[in-house]
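Structural overview for review
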Amino acid sequence: MDIKTSMAALQVTGAQHAQPGAVAPDAPASAAKEFEAMFLTQMVDEMLKQVDIGEFGGGQAEETWRYFLAEAFGREIVEQGGAGIAPSLRSALAAYAQSGTTEQGS
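Residues numbered from 1 in each chain as written. Predicted model: local features only at pLDDT ≥ 70, side-chain atom pairs only at ≥ 80, totals over all residues. Heavy atoms only, no water.

Our focus in this paragraph is the overall build of the protein chain. Of the regular secondary structure elements, the protein chain holds 4 helices and 0 strands. Written out in order from the N terminus, the α and β elements of the protein chain read α-α-α-α. Looking at the protein chain as a whole, 14% of its 106 residues are labelled buried. The long-range fraction of contacts in the protein chain, counting pairs at least 24 apart against all pairs at least 6 apart in sequence, stands at 86%. When the accessible area of the protein chain is evaluated, it comes to approximately 7800 Å², of which 61% is carbon and sulfur surface. (Helix = DSSP H or I, 4+ residues; strand = E, 2+ residues; numbered from the N terminus. Buried < 20%, exposed > 50% of the residue type's maximum accessible area, 1.4 Å probe, protein only. Contact = heavy atoms within 4.5 Å. Areas by Shrake-Rupley, 256 points an atom, 1.4 Å probe, with all protein chains shown as cover.)

This brings us to the side chain of Glu36. Following the sequence through the fold, Glu36 ends up in helix H2 (residues 27–49). Excluding anything up to four places from it in sequence, Glu36 contacts Val78, Gly82, Ala83, Gly84, Ile85 and Ala86.

As a further point, take helix H3 (residues 59–79). For H3, with 21 residues, the first-to-last C-alpha span of 31 Å sits near the 30 Å given by 1.5 Å per residue. Three or more residues of H3 are buried, namely Arg66, Tyr67, Ala70, Glu71, Gly74 and Val78. Taken end-on, H3 shows its buried residues confined to a sector of 145 degrees, consistent with a single buried face. Across from the buried face of H3, at angles greater than 90 degrees, the exposed residues are Trp65 and Glu79. In the stretch just after H3, Gly81 is the one whose phi turns positive, near 120 degrees. (Expected span 1.5 Å × (residues − 1). Arc of directions from axis to C-beta.)

A surface patch of nonpolar side chains, amounting to about 410 Å² of accessible area, comprises Phe35, Phe39, Met43 and Met47. Summarising the element assignment, Met43 is placed in helix H2. Met43 sits in the partly exposed class, given a relative accessible area of 41%. (Patch = residues over 30% accessible without salt bridge, like charges linked within 9 Å, V, L, I, M, F, W, Y side chains within 5 Å. Salt bridge = Lys/Arg side-chain N within 4 Å of Asp/Glu carboxyl O.)

Turning to the pattern of salt bridges, a few remarks are in order. Scanning the entire structure with this criterion turns up 4 salt bridges. Of the charged contacts in the structure, one is a salt bridge between Glu79 and Lys33, with a shortest N-O distance of 3.7 Å. Of this pair, Glu79 sits in helix H3 while Lys33 is found in helix H2, placing the two residues 46 residues apart along the sequence. Given a relative accessible area of 35%, Lys33 falls into the partly exposed group. In this structure, the salt-bridge partner of Lys49 is Glu46, at a minimum N-O distance of 3.0 Å. Taken together, the positions of Lys49 and Glu46, both in helix H2 and 3 residues apart, correspond to about one turn of that helix.

Below you can see the structure in the form of structure tokens.
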């Protein structure tokens, strides 16, 4: 498991409450925002890899800190309105949940 996967797992499990079986009322919206933040983090990280920072960069430390910077950018983009991914995911999750309740009622 690499550092990026570990960080994502910690963020998800750290945000959960210790109530087994309980689902938060805003779980779909929260999951959609988390997904958008993770997606944007990956996009920003790829963009930052293309930036030439001169003679001061390089090595494992740069890669680690670059990811933290990309994560901060990704979260900030989401907090300022995002890229439109979260609303699309929320509507898709709502449609999926609605189709599940419709099929169970049949």
